[in-house]
Amino acid sequence: MLGTVAFGSAPTPLGEMSVAVTGDGVAGVCWGDDGRLRARLLDRPGLTEADDPERTAPVLGELAAYYAGELRVFAARVDWRLTTPVQRAVLGTLHETVPYGRAVTYGELAARSGTGVPARAIGSIMGANPVPVIVPCHRVVAGNGLGGFSGGEGVESKRWLLTLEGYLQPTLDWD
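Residues numbered from 1 in each chain as written. Predicted model: local features only at pLDDT ≥ 70, side-chain atom pairs only at ≥ 80, totals over all residues. Heavy atoms only, no water.

Here is the rule: UniProt positions are given in the numbering used here, feature names are shortened, and annotations may be inferred rather than shown by experiment.
Under the annotation held in an unreviewed UniProt entry, the protein chain carries the name Methylated-DNA--protein-cysteine methyltransferase and is attributed to Planomonospora parontospora. Here the protein chain is described in UniProt, under the heading Function (unreviewed entry), as follows: "Involved in the cellular defense against the biological effects of O6-methylguanine (O6-MeG) and O4-methylthymine (O4-MeT) in DNA. Repairs the methylated nucleobase in DNA by stoichiometrically transferring the methyl group to a cysteine residue in the enzyme. This is a suicide reaction: the enzyme is irreversibly inactivated."

Laid out in structure tokens, this is it:
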């Protein structure tokens, strides 16, 4: 795939988020410094960086609306170039079948994806998700709790996102 990728970032309640957008869609989202994301994409043959804030603005706007509780479904297309076919199948199933405010267990997603990937491997695929929040890996939980989360501040970020979506009830803050 030849083309360009534009990078942009914006503050969120969970910290700075960076996005990478190609002509095919959102190829990456990450918390904090986008150095690793930038390197992963620019190491791809035929993909060069473009200074194109108009390309990243709609995605950053959707993320801002999501974090403000005003957006439940992302319209941005996903560019799956940083995923393997199996990751694409599992993450695509998640993206298409687990709506805002809902969650699925690792085992349920494994079965739903039809890939034959065991439940214990679903967590690794979620951890490798190049487009978190838009492809909502935070909506995959353990059968006995929240499970892990590699984005932002870890499981606390997952808890915050699931509370924003109404899947979890807010906890009392005694401070």
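Structural notes on the overall build of the protein chain
We count it as follows: Helix numbers and strand numbers start at the N terminus; a helix is a DSSP run of H or I with at least 4 residues, a strand a run of E with at least 2. Within these notes, the globule rule equals 2.2 Å times the number of residues to the 0.38 power, and the radius of gyration is based on C-alpha atoms. Partly exposed describes any residue whose relative accessible area lies between the buried limit of under 20% and the exposed limit of over 50%, with all areas from a 1.4 Å probe on protein chains only and scaled to the type maximum. In this description, contact between two residues means that some pair of their heavy atoms is separated by no more than 4.5 Å. Reported accessibility uses the Shrake-Rupley method at a 1.4 Å probe radius. Residues are deemed covered only where the shown protein chains occlude them. Under this rule, positive means Lys or Arg and negative means Asp or Glu; His and the chain ends count for nothing. For charged residues, the charge sits on one atom: NZ in Lys, CZ in Arg, CG in Asp, CD in Glu.
If you tally the helices and strands in the protein chain, you get 6 helices and 6 strands. In summary, the protein chain has a C-alpha radius of gyration of 16 Å against a globular reference of 16 Å for 175 residues, a match within 12%. Within the protein chain, the proportion of its 175 residues that are buried is 47%. Once local pairs closer than 6 in sequence are excluded, the contacts in the protein chain between residues at least 24 apart make up 60%. Per element, the accessible surface of the protein chain, about 8900 Å² overall, is 52% carbon and sulfur. Taken together, the 15 basic and 19 acidic charged side chains of the protein chain have centroids lying 10 Å from each other.

Quick word on the pattern of salt bridges
This is how it is decided: The term salt bridge refers to a side-chain nitrogen of Lys or Arg lying within 4 Å of a carboxyl oxygen of Asp or Glu.
In total, this model carries 6 salt bridges according to the counting rule given. The partner of R81 in a salt bridge is D24, with the nearest N and O atoms 3.2 Å apart. Residue R81 is found in the loop between α2 (53-67) and α3 (85-97), and its partner D24 is found in the loop between β2 (17-22) and β3 (25-31); the two are separated by 57 residues along the sequence. R81 gets classed as buried once you look at its relative accessible area, which sits at 15%. For D24, a relative accessible area of 41% gives the class partly exposed.

Some words on the layout of surface pockets
Threshold: Buriedness of a pocket was judged along seven lines, with at least five required to meet protein on both sides within 12 Å; pockets are open sets of points on a 1 Å grid over the protein atoms alone, cavities are sets where a 1.4 Å probe fits but cannot get out, and lining residues have an atom within 4 Å of a point. Grid points are joined across faces, edges and corners, and a volume is the space filled by probe spheres set on the points. Three classes are used: nonpolar for Ala, Val, Leu, Ile, Met, Phe, Trp, Tyr, Cys and Pro, charged for Asp, Glu, Lys and Arg, and polar for all others, with Gly counted as polar.
Computed from the structure, the largest pocket encloses a volume of approximately 480 Å³. As for the largest pocket, its lining consists of 19 residues, and the residues nearest its centre are V29, C30, W31, R36 and N129. Elements represented by at least two residues in the lining of the largest pocket include exactly β3, α1 (35-42) and α5 (119-127). When its residues are assigned to classes, the lining of the largest pocket shows 10 nonpolar, 6 polar and 3 charged.

Digging into empty space enclosed by the protein
Scanning all chains against the criterion turns up 1 cavity of 30 Å³ or more. Roughly 40 Å³ of volume is contained in the largest cavity. Every residue along the wall of the largest cavity is listed here: A10, P11, T12, M17, L60, L63 and A64. Residues of the lining of the largest cavity, tallied by class, amount to 6 nonpolar, 1 polar and no charged.

With respect to the side chain of T83
For the record, the criterion: We call two N or O atoms a polar contact when they sit within 3.5 Å, provided that within protein one can donate a hydrogen and the other can accept it, with sequence-adjacent residues counted only if both atoms are side-chain atoms.
Within the secondary structure, T83 sits in the loop between α2 and α3. A polar side-chain atom of T83 sits 2.7 Å from the main-chain carbonyl oxygen of W80. Excluding its chain neighbours within four sequence positions, the residues that come into contact with T83 are R88, L91 and P130.

Things to note about the sheet that holds β3
Rules: Any two strands are treated as partners once DSSP identifies two or more bridges connecting them. What counts as an axis is a line fitted to C-alpha atoms, over the stretch in contact for a helix, and the angles between N-to-C directions run from 0 to 180 degrees.
A sheet is described by the order of its strands in space; here 4 strands give the open sequence β3-β2-β1-β4, paired in mixed fashion. The open sheet is flanked by β3 and β4 (47-49), the only strands paired with a single partner. Strand-to-strand, the axes of this sheet are offset by a mean angle of 25°, without reference to chain direction. Direction of pairing for strand β1 (residues 3-10) relative to β4: parallel, over a ladder of 3 bridges. When the sheet's bridge partners are listed, T4 is paired in β4 with T48.

As for the nonpolar core
Rules: Take the buried Ala, Val, Leu, Ile, Met, Phe, Trp, Tyr and Cys residues and link them wherever side-chain atoms come within 4.5 Å; each set so joined is a nonpolar core.
Within the largest apolar cluster, 41 residues are counted, with the highest numbers of intra-cluster contacts made by L94, I122, M126, V133 and I134. Elements with a contribution of two residues or more to this core: β2, β3, α2, α3, α4 (106-113) and α5. Leave out the neighbours within four places in its chain, and L94 touches V104, L109, M126, V135, P136, C137 and V140. Grouped together as the second largest cluster of nonpolar side chains are 9 residues, V5, F7, L37 and L41 included.

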